[in-house]
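Descriptive structure summary
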Amino acid sequence: MADTTNAKYCANCSCVLLQPGEEASGNRTAREEELFRQNHPPLDVELPAFRKIVEDARAALEDVDSKIFQARQLLKNLLSARQRAESHLEEAKSVLHPMRSIPNELLLEIFSRCIPEIFSDEDPDALDPKGAPWLLARVCHRWRELAVNTPQLWTHVRLDFDKHRRHISDQQCAYKLGVFTERSRGLPMVVYLGSKDSIEYHPVLPVLGASIPRWRHLLVDIPRSSLQRLSGNNFSMLRTMLLQYNDENQWHLTLDVFKSASAPVLRSLEVAAEEPWYALEHVVVPWSQITSIMSFPAFDTDALNRLRTMANLEELSVVNTGIYWHTPLHGNDVLLSKLRRLTMTENIYAPGGSKKFFSILTVPVLSELALEYRAKSVLHFPTSPLPLGNLTKLSIACDINSHVENTQHILNFFTLTHRVEWLRLYDLNMTIEFADGLNLDKITDGSPVRLPSLRFLDIHECGFAPALYSDLDPLFYMLYSRSAVAVEGKQAAEETVIPNAGMDGNGQNAATNETGMGFDPRARLDSEDHRRCLKTLRFPRWLYVHTRKEWQEAFLELTSRVELECGVTMRDTVVFPQYP
């Protein structure tokens, strides 16, 4: 081994440095190069020199091996030291982590956000180990203690039997569900049951039966025969129920699980089926106590008779209105004295059905109305002013360009909605005639006033007809006529008395008393209404972001004009929401 007594060491790694002579020891003489290229033996006088080279090379190898060993040992020590330092760092960071200082109350609030809303599609299965609250109970001892002892986290039960059949046995399913419901500790529960096949004899039904008195909200998507197996139980806390049917062959079976005696506080009902009328035909529920019903089928007189029994109804959604314009109706009008929100969807097979249905309604306190027309043809809007007297919120989804008469039809309808302050339009494809019809400056003596109380206009997912797109002036002037600058600058018109209307015995306008609205659509704005102005205008962002460049420029020009000439800032008047 080479002598390292006078060796120099690296300041960085402490390894022995090569001496200046050692670095040049690899230089060869011409004679050596000649011998290396040939196969001739060396001369006798050259043998000692080559033996010396061999001895020196062995010493050099030993020295290099020693240096490599030292370097490897040093690297190993450094890596070990780094690992210890890294471990100490992570341990110290875990001790200082803000999660340790979060109080249990705030941590439980975070846990509760992991539980989805009622009947959400994101609702995890109750038996899924990767979903809340099972996953929360496996993070650490503290989290497990909080999760297990917080019954609010165990009140959402979603059971997809089709999924469990492929993963766990029926007995395991019943056991885990028992643990789940036990941890809810008597709190009201949200329950979803889904299965394409019958579960009449599934062992989980007795476990569910023990918790039925605590069910607050229920969504069932199982065969009707399986649901009927739950009869005889007391649904004493059930308030909301959504029925989904996947087996049309069982619609003829009577479902009397939710009678008034067994569901005394049931208030909300929704039916999801391709033919909701047939799905509801043999369902027995306490109709008189229902306050909200979604997807109610208004097909014939029998359906209307059932609707007449709902004296406490406050919210109603009517779909697939099969009352054709030529179908005669018998019986008295439908009185819904407490109805405040009404949604009517008219499909392509029932033209005029919504108008006919609306004509037989008596809804004295109706304040919100949503109309959806799916047919690409003539649109039939309600023509009776009586149900519209207290209407303040209106939503319309239709395509007025589908027929030349539709613009005038919707404008005539707006003459009956004098108290509407909030208007949302979907898929309307506005025309010049539509914009001019809402322009307050174009009102002449004796002409009807449309939407005089409008404060909020939401043009949601609406396009423009080609003529209006090429010239946005009609839209701007309509908005300007309803702005604060325009409205406050006008003189209040005198109250107009309708000619030949006459007075009633109390000295009131007979036409006003006749409609019961306190307002005649042919009258001009009075001094109070005339001061009302548009406060907020919403354009969907995609209308100018995801369209052609010239559309973007047109919208920017329009909003700039509204901002500058209407005397209010764009932030207060024009809002561009971030629609996905």
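All figures in this text were calculated on a predicted structure; none of them were measured in a lab. Sequence order as written defines residue numbering, which begins from 1 separately in each chain. Only residues with pLDDT of at least 70 are given local features in this predicted model, and only at 80 or more are side-chain atom pairs given and counted; all residues enter the totals for whole chains, interfaces and linings. The side-chain figures draw on all heavy atoms in the structure; neither hydrogens nor water molecules are used.

Moving on to the pattern of salt bridges. Any Lys or Arg side-chain nitrogen found within 4 Å of a carboxyl oxygen on Asp or Glu counts as a salt bridge. Inspection of the entire model under this criterion finds 10 salt bridges. In this structure, a network of salt bridges that share partners links the residues R31, E34 and E46.

Attention now moves to the confidence of the model for the protein. The predictor reports its confidence for every residue as pLDDT, a score running from 0 up to 100. Averaged over the protein, the pLDDT score is 76; the fraction of residues at 70 or greater is 70%. Residue contacts are counted whenever heavy atoms from the two residues lie within 4.5 Å of one another. For residues 20-25, every residue scores under 50 in pLDDT, and the model assigns this stretch 2 contacts once sequence neighbours within four places are set aside. For the stretch residues 568-580, pLDDT sits under 50, and the model shows 34 contacts to residues farther than four places along the chain or on other chains.

By secondary structure assignment, the location of T415 is in the loop between helix 14 (406-414) and strand 13 (422-426). Owing to a relative accessible area of 9%, T415 belongs among the buried residues under this scheme. In the analysis that follows, any N or O atom pair within 3.5 Å is treated as a polar contact, provided that within protein one partner can donate a hydrogen and the other can accept it, and provided that, for residues neighboring in sequence, both atoms belong to side chains. One polar contact links the side chain of T415 to the main-chain carbonyl oxygen of N412, over a distance of 2.4 Å. Runs of H or I in DSSP of at least four residues are treated as helices and runs of E of at least two as strands, each being numbered from the N terminus. Note on exposure labels: buried denotes an accessible area under 20% of the residue type's maximum, exposed denotes more than 50%, and partly exposed covers the range between, all computed with a 1.4 Å probe on protein chains only.

The next subject is the environment of D221. In this fold, D221 is placed in strand 3 (residues 215-221). Taking the relative accessible area as the measure of exposure, D221 reaches 18% and is therefore buried. Taking the C-alpha atoms as reference, D221 lies 6.3 Å from S195; in sequence the two are 26 residues apart.

What follows covers the pairing of strand 12 (residues 393-397). Within strand 12, 4 of the 5 residues are buried, which leaves the element mostly enclosed by the surrounding structure. Where strand 11 (residues 368-373) lies against strand 12, 5 bridges are found, and the strand directions are parallel. Along strand 12, the bridge assignment pairs L371 with I396. Direction of pairing for strand 12 relative to strand 13: parallel, over a ladder of 5 bridges. The residue bridging K393 from the neighbouring strand is W422, located in strand 13. Orient the strands so they point away from the viewer, and a crossover whose first-strand-to-second-strand path over the helix runs clockwise is right-handed. For the segment spanning strand 12, helix 14 and strand 13, crossover handedness is right-handed. One bridge is not enough; two strands pair if DSSP finds at least two bridges between them.

Note on aromatic pairs: the rings of Phe, Tyr and Trp (six-membered ring only in Trp) are paired at centre separations within 6.5 Å, and the planes decide the class, stacked below 30 degrees, edge-to-face beyond 60, tilted for the rest. Under the counting rule described, the total for this entry stands at 11 aromatic pairs. Measuring from centroid to centroid gives 5.2 Å for W134 and W154, while their planes differ by 85 degrees, and the two rings are edge-to-face. You can see W134 sitting in the loop between helix 5 (104-113) and helix 6 (141-148) and its partner W154 sitting in the loop between helix 6 and strand 1 (156-160), a full 20 residues away along the chain. Of the two residues examined, W134 and W154, each falls in the buried class. Chaining the aromatic ring pairs together yields one cluster made of Y373, F381, F413, F414 and F434. In this structure, R158 is placed above the aromatic ring of Y192, and the distance from its NZ or CZ to the ring centre is 4.1 Å. In this arrangement the basic side chain of R183 is found over the ring face of W154, its NZ or CZ atom lying 4.8 Å from the centre. Placement of a charge over a ring requires the Lys NZ or Arg CZ to be within 6 Å of the ring centre, with the centre-to-atom vector within 35 degrees of the ring normal.

A few words on the packing of helix 5 against helix 6. The axes of two packed helices give the description: the angle between them and the distance between them. Only the contacting stretch of a helix is used when fitting its axis, a line to C-alpha atoms as for every element, and angles between N-to-C directions run 0 to 180 degrees. One can describe the packing of helix 5 onto helix 6 by two numbers: an axis separation of 11 Å at closest approach and a directional angle of 70 degrees. Compared by their axis directions, helix 5 and helix 6 come out roughly perpendicular. Between helix 5, through N104, L107, L108 and F111, and helix 6, the contact on the second element is made entirely by R142, W143 and L146. Residue polarity is assigned by list, with Asp, Glu, Lys and Arg as charged and Ala, Val, Leu, Ile, Met, Phe, Trp, Tyr, Cys and Pro as nonpolar; anything else, Gly included, falls into the polar class. Looking at the contact of helix 5 with helix 6 residue by residue, the classes come out as 5 nonpolar, 1 polar and 1 charged. Oblique is the label for every angle not falling under 35 degrees (roughly parallel), over 145 degrees (roughly antiparallel), or within 65 to 115 degrees (roughly perpendicular).

A word on the nonpolar core. To form a nonpolar core, buried Ala, Val, Leu, Ile, Met, Phe, Trp, Tyr and Cys residues must be joined to one another through side-chain atoms within 4.5 Å. Among the nonpolar cores identified, the biggest contains 105 residues, and L316 and F414 are the most heavily contacted of them. For L316, the residues in contact, after removing those within four places along its chain, are I293, M294, F296, L307, L336, L339, R341, L342, T343 and F357.

Right, let's get into helix 12 (residues 301-308). Within helix 12, the full set of buried residues consists of A303, L304, R306 and L307. Taken around the axis of helix 12, the buried residues stretch over an arc of 155 degrees, which confines them to a single face. In this context, the arc is that of the directions from the helix axis out to the C-beta atoms.

Attention now moves to helix 14. Along helix 14, the positions that sit buried rather than exposed are N406, T407, I410, L411, F413 and F414. Buried residues of helix 14, viewed axially, fall in a sector of 155 degrees; they line one side.

Let us look at the pairing of strand 1. Counting buried residues along strand 1, 4 of its 5 residues qualify, which places the element largely inside the surrounding structure. Summarising the sheet, strand 1 and strand 2 (residues 189-194) pair through 5 bridges and their orientation is parallel. Across the sheet, the residue bridging to R158 is Y192, located in strand 2.

Moving on: the environment of H156. Assignment of secondary structure puts H156 in strand 1. Taking the C-alpha atoms as reference, H156 lies 6.1 Å from V191; in sequence the two are 35 residues apart.

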